Amino acid sequence: MAYHFDFSWIPDYSGVILKGLAITVELTVVGGLVGLTLGTFCAWGRALGPNWLKPIVGAYVELIRNTPFMIQLFFIFFGLPSIGVHMNELLAANIAMVINLGAYSAEIIRAGIQATPRGQFEAGASLAMSPIQTFRHVILFPSLQRIWPALSSQVIIVMLGSAVVSQIAAEDLTFASNFIQSRTFRAFEAYLLTTVVYLALAVLLRAAMRGIGVIIFPRRRRA
Amino acid sequence: MSLIEITEVRKAFGDNEVLKGINLDVQPGEVIAIIGKSGSGKSTLLRCINGLETINAGSIAVAGAQLLPDELHLRALRLKVGMIFQQFNLFPHLTVGGNVMVSQTVVKKTGKAEAETMARKMLDRVGLGHKFDAYPDELSGGQQQRVAIARALAMEPIALLCDEITSALDPELVQEVLAVVRELAAEGMTLIMVTHEMKFARDVCSRVVFMHQGRVHEIGPPEEVFSNPQTAELKQFLGML
Ligand SMILES: Nc1ncnc2c1ncn2[C@@H]1O[C@H](COP(=O)(O)OP(=O)(O)OP(=O)(O)O)[C@@H](O)[C@H]1O
Ligand SMILES: [Mg+2]
């Protein structure tokens, strides 16, 4: 049962593959940037925010962390139109990514904030900084630095999880491979190629996160 | 007029009353040493003066302005009164210069160039001008504490609170920090310091406060307090009983 590999279809479908790649990258970059920003706000809100805000953020974070990503995506794309909120599949995919990473990263960043020695808050306060100024200029960067490896892994998990958006016909990398195998019947080759591309993306993303860490944390943390 | 007026201040943590009616008036330019056993409330008193703890009763006024526990009053107070901690509490992600500049630019909205000039001046004052670009973890404990002093001074406070600022230091580093404090005292800075350095207190301070069980148990010029203690508790503390 010798299997004949056939990659001859690649030139014909290179456009589809590149478009899929571009959409996966876009989802990851936008989801990463906006999601981590949202996560930072939520981490602040849950750890240090006003008392009325804590349960609101807590409810959001727990709702997202305790339900499947695919259901969140379906809810946004198929559910919301019933109450008059319509959007195209790409916007729905972006929103789902942001909301998902926002919740997971909030918990990771909160752990970093809560590991801050009390003296850092007091030093900020004694220099007449407001609590928000202290958070922004004193607490935030060392907190992010503490959990940067975990945060990087979470971004990669969300990038890989973005494959699910093909289920609402957002034309990402997974959508492209489904499309190709349905046309060429070359399932093995199509998914092999996709696997390699995801793997390469993950490796690149990890390197990128490490590079960003080196730039925004000029001081290496001592154990 | 007194610079700092502490009147009948009480502070409790739950059922544990730590300050039981403290009265203390500090004149401009005075250097006050607070001594006393562990747990007598020395740190708590300093933290109340800087608003890091809210008092349960009594009043604290700095330069005539009452200390009220809302954000606006607290920040106005902290602009006048700086605090230096036992553990230095430098910001690890900022350089030495950054540590001294950050509160100026963030709180006072000072321009960067002006803040840097001030930072260099204050670092020179504590003998660390050459460490401007170093990070805190590259410095010795004594150097870190001097940076913390420069950082507080850069806000141009009218008084400084020092809570055992040499207690976390190796013995050979204590003197370099005390030398800086001695200089500040000579320049007329108002200082309230909790200290175990009795010789320093005797040499530099205008008055010594002995705290015992949440009260000012004895107070007076160092010669009197150290040479002629009135109460058994102070005698015991000084090792004279
Ligand atoms: N945040 C807090 N919560 C509860 N109790 C506290 C708190 N801070 C201080 N205390 C209590 O208040 C008392 C006085 O503490 P404080 O730190 O003022 O003593 P101190 O004179 O500075 O002692 P030391 O010489 O050990 O520093 C102690 O019994 C301590 O347990
Ligand atoms: Mg103490």
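**Some details on the sheet that holds strand β4 (residues 57-62) of chain B**
Consider a sheet: its strands pair through backbone hydrogen bonds, and that pairing is either parallel or antiparallel. Residues and elements named next belong to chain B. Read from one edge of the open sheet, four strands run β2-β1-β4-β5, paired in antiparallel fashion. Looking along the sheet, the strands with just one partner apiece sit at the ends: β2 (16-26) and β5 (65-66). Note: strand β1 (residues 4-13) against β2, eight bridges, orientation antiparallel. Residue Val 9 lies in a different strand from β2, and its bridge partner there is Ile 22.

**Here we look at the confidence of the model for chain B**
The share of residues in chain B with pLDDT of 70 or more is 99%, and the mean pLDDT across the chain is 95. Scored by ipTM, the complex comes to 0.94, with pTM at 0.92.

**With respect to the pairing of strand β7 (residues 159-163) of chain B**
Residue and element names in this part refer to chain B. The element β7 is extensively covered by neighbouring structure, given that five of its five residues are classed as buried. Because side chains alternate across β7, one face comprises the buried residues Ala 159, Leu 161 and Asp 163, and the other comprises Leu 160 and Cys 162, equally buried. Sheet topology note: the strand β6 (residues 81-84)/β7 ladder contains four bridges and is parallel. Bridge pairing in β7 links Val 81 to Ala 159. Of the strand pairs in this sheet, β7 and strand β8 (residues 190-194) are connected by five bridges, and their pairing is parallel. Directly across from Leu 160, in β8, lies its bridge partner Leu 191.

**Some words on the packing of helix α6 (residues 131-161) of chain A against helix α8 (residues 187-216) of chain A**
Residue and element names in this part refer to chain A. Where α6 meets α8, the axes come as close as 10 Å, and the angle between the chain directions of the two elements is 165°. When the axes of α6 and α8 are compared, the pair comes out roughly antiparallel. You can see that α6 and α8 cross each other, and the crossing is right-handed. On the side of α6, the interface is formed by Phe 141, Trp 148, Ser 152, Ser 153, Val 155, Ile 156, Met 159 and Leu 160, while α8 contributes Tyr 198, Leu 201, Ala 202, Leu 205, Arg 206, Met 209, Ile 212, Gly 213 and Ile 216. Grouping the constituent residues of the contact of α6 with α8 by class yields 13 nonpolar, three polar and one charged.

**Re the interface of chain B and chain A**
Taken together, the contact between chain B and chain A spans 26 residues of the former and 22 residues of the latter. Surface buried jointly by chain B and chain A totals about 2100 Å² across both partners, of which 59% is contributed by carbon and sulfur atoms. It is Phe 91, His 93 and Asp 137 of chain B that lose the most area in chain B upon contact with chain A, and together they represent 27% of the buried surface on that side. The interface formed by chain B and chain A includes one salt bridge. The shortest N-O distance in the salt bridge between Glu 122 of chain A and Arg 47 of chain B comes to 2.7 Å. Our count for the contact surface shared by chain B and chain A stands at seven residue pairs in polar contact (both at pLDDT 80 or more). Those elements that provide at least two residues to the side of chain B that touches chain A are α2 (71-80), β6, α3 (96-107) and α5 (141-153) of chain B. Partitioning the side of chain B that touches chain A into residue classes produces 14 nonpolar, four polar and eight charged.

Quick notes on the rules
- Residues numbered from 1 in each chain as written.
- Chains lettered and ligands numbered in written order.
- Predicted model: local features only at pLDDT ≥ 70, side-chain atom pairs only at ≥ 80, totals over all residues.
- Heavy atoms only, no water.
- Pairing = 2+ DSSP bridges.
- Helix = DSSP H or I, 4+ residues; strand = E, 2+ residues; numbered from the N terminus.
- pLDDT = per-residue confidence, 0-100.
- Buried < 20%, exposed > 50% of the residue type's maximum accessible area, 1.4 Å probe, protein only.
- Axes fitted to C-alpha atoms, helices over the stretch in contact; angles between N-to-C directions.
- Parallel < 35°, antiparallel > 145°, perpendicular 65-115°, else oblique.
- Left-handed = near helix turned anticlockwise from the far one by under 90°.
- Contact = heavy atoms within 4.5 Å.
- Nonpolar A, V, L, I, M, F, W, Y, C, P; charged D, E, K, R; others polar.
- Buried area = accessible area lost by both parts, 1.4 Å probe.
- Salt bridge = Lys/Arg side-chain N within 4 Å of Asp/Glu carboxyl O.
- Polar contact = N/O pair within 3.5 Å; in protein donor to acceptor, adjacent residues only side chain to side chain.

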